[in-house]
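Breakdown of the fold
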Amino acid sequence: MAAMPPVRVLISEVGPRDGLQNAHAIMPTAAKTRWISALAAAGLSEIEVGSFVRADRVPHLADTAEVVAHALTIPGLTVAVLAPNARGAERAIAAGVHKITVPVSASRAHALANVGMTPEQSVEALRAIRALRDAAPERSRPAIEGGLSTAFGCTLQGVVPEDDVVRIAAAMVAAGADEVGLSDTTGIGNPAQVKRLVRRVRAEIGHHLSGVHLHDTRGLALANAFAAWEEGIGTFDGSLAGLGGCPFAPGASGNAVTEDLVSMFHDLGVETGIDLDRLIAARAILAEALPGEALHGAAAKWRAQPVAA
Ligand code: ZN
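Residues numbered from 1 in each chain as written. Predicted model: local features only at pLDDT ≥ 70, side-chain atom pairs only at ≥ 80, totals over all residues. Heavy atoms only, no water.

As for the sheet that holds strand S2 (residues 46–51)
By way of backbone hydrogen bonds, the strands of a sheet pair with one another, either parallel or antiparallel. Within the closed barrel, the eight strands sit side by side as S1-S2-S3-S4-S5-S6-S7-S8. Their pairing is parallel. Pairwise comparison of adjacent strand axes, ignoring direction, gives a mean angle of 30 degrees for this sheet. One ladder, built from three bridges, connects strand S7 (residues 209–213) with strand S8 (residues 235–238); its direction is parallel. Across the sheet, the residue bridging to glycine 211 is threonine 235, located in S8. In this fold helix H2 (residues 29–41) packs onto strand S1 (10–13) and S2, with an angle of close to 165 degrees to the strand it touches most, S2. (Pairing = 2+ DSSP bridges. Helix = DSSP H or I, 4+ residues; strand = E, 2+ residues; numbered from the N terminus. Axes fitted to C-alpha atoms, helices over the stretch in contact; angles between N-to-C directions. Contact = heavy atoms within 4.5 Å.)

Printed below as a string of structure tokens:
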């Protein structure tokens, strides 16, 4: 049976993690917490607020524990972080997060460059993280999402065979991922590929396939999101003003623009629970805290046009 396009979608903001780790400047902690509060006030109900990785590798996110502590004070907000290994996951569980995203790259070259592990070793790390989660006190057991990176191709390796993506997705679920998201880490996927891969991965792991994480390197993030939605995908990662890239994937540019995703879904009559005007207003915090950083997005520019009388 073909999947139906959802009438309501979850827009999951990853700017404070994926966006900031690639920013030219390090955003001060106070600006991060103000930004996260503004995003939540606009109606975003899930935010990836940082990552527990080595601070010398990603100094932009060294204050993640403090940022998590703030985010946990916001009622109703699902607080997510990225953690590539058990050491990071231990810190995430201790911090009290609701969700841990564990990156597993389908491209061997990207896996080694990004986390210093092969895809198979990343799957084993996910298994160890699941064991840690299951051993934690009942009130502090975060959900585990496997983020399947470079699922649509890789600037280091080139083509990533779809068979590899399907096989690794199945291995992630077998290792204990509650859900798996497909990431176009370098932004080189296209809508036909998105439809094909969503179908193939869903045929393998069913409802465990939850969302897509898209980048706009070739200007196709919205088209790819639409294609995924038509295939029944209901969760979309975005980054306010399209901040982001990947420091370990040459040529990757910004994330799907959160406010453009929201604008498109509202036009389609799909509920997001997000107030687009308040979301766009939150860009001012970025402009102030990251001077000189390029802010992307068509919805914000469109809203700023004078209305014809
Ligand atoms: Zn990304």
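Next comes the rest of the description.
Some remarks on the nonpolar core
Residues Leu182 and Phe236 are the most contacted members of the largest nonpolar core, which totals 88 residues. When residues in this core are grouped by element, the largest group, six residues, is from helix H7 (residues 162–174). Excluding its chain neighbours within four sequence positions, the residues that come into contact with phenylalanine 236 are Val9, Leu10, Ile11, Ser12, Val212, Ala225, Ala228, Trp229, Leu261 and Phe265. (Core = buried A, V, L, I, M, F, W, Y, C linked by side-chain atoms within 4.5 Å. Buried < 20%, exposed > 50% of the residue type's maximum accessible area, 1.4 Å probe, protein only.)

So, H7
In a regular helix each residue adds 1.5 Å, so 13 residues correspond to 18 Å; H7 covers 18 Å between its end C-alpha atoms and thus fits that length. Within H7 the residues assigned to the buried category are Glu162, Val165, Val166, Ile168, Ala169, Met172 and Val173. Remark: glycine 176 follows H7 within two positions and exhibits a positive phi of approximately 115 degrees. (Expected span 1.5 Å × (residues − 1).)

Thoughts on the coordination of the zinc ion
Distances from the zinc ion to its protein donors, namely Asp18 (OD), His213 (NE2) and His215 (NE2), fall within the range 1.9 to 2.1 Å. Donor residues for the zinc ion sit on one chain with the sequence pattern D-x194-H-x1-H. Within this pair, whereas aspartate 18 is found in helix H1 (residues 15–19), its partner histidine 213 is found in strand S7, the two being separated by 195 residues in sequence. Under the relative-accessibility criterion, aspartate 18 is labelled buried at 3%. (Donors = N, O, S within 2.8 Å, 3.2 Å for Na, K, Ca; no water.)

Let's talk about the packing of helix H9 (residues 221–230) against helix H10 (residues 258–267)
Orientation of H9 relative to H10, taken along the N-to-C sense of each, is 45 degrees, at an axis distance of 11 Å. Regarding the angle of H9 to H10, the classification is oblique. Relative to H10, the crossing made by H9 is right-handed. Along the contact surface, H9 presents Leu222, Ala225, Phe226 and Trp229, while H10 presents Asp260, Leu261, Met264 and Phe265. Looking at the contact of H9 with H10 residue by residue, the class counts come to seven nonpolar, no polar and one charged. (Parallel < 35°, antiparallel > 145°, perpendicular 65-115°, else oblique. Left-handed = near helix turned anticlockwise from the far one by under 90°. Nonpolar A, V, L, I, M, F, W, Y, C, P; charged D, E, K, R; others polar.)

These values are about where atoms sit, not about what they do.
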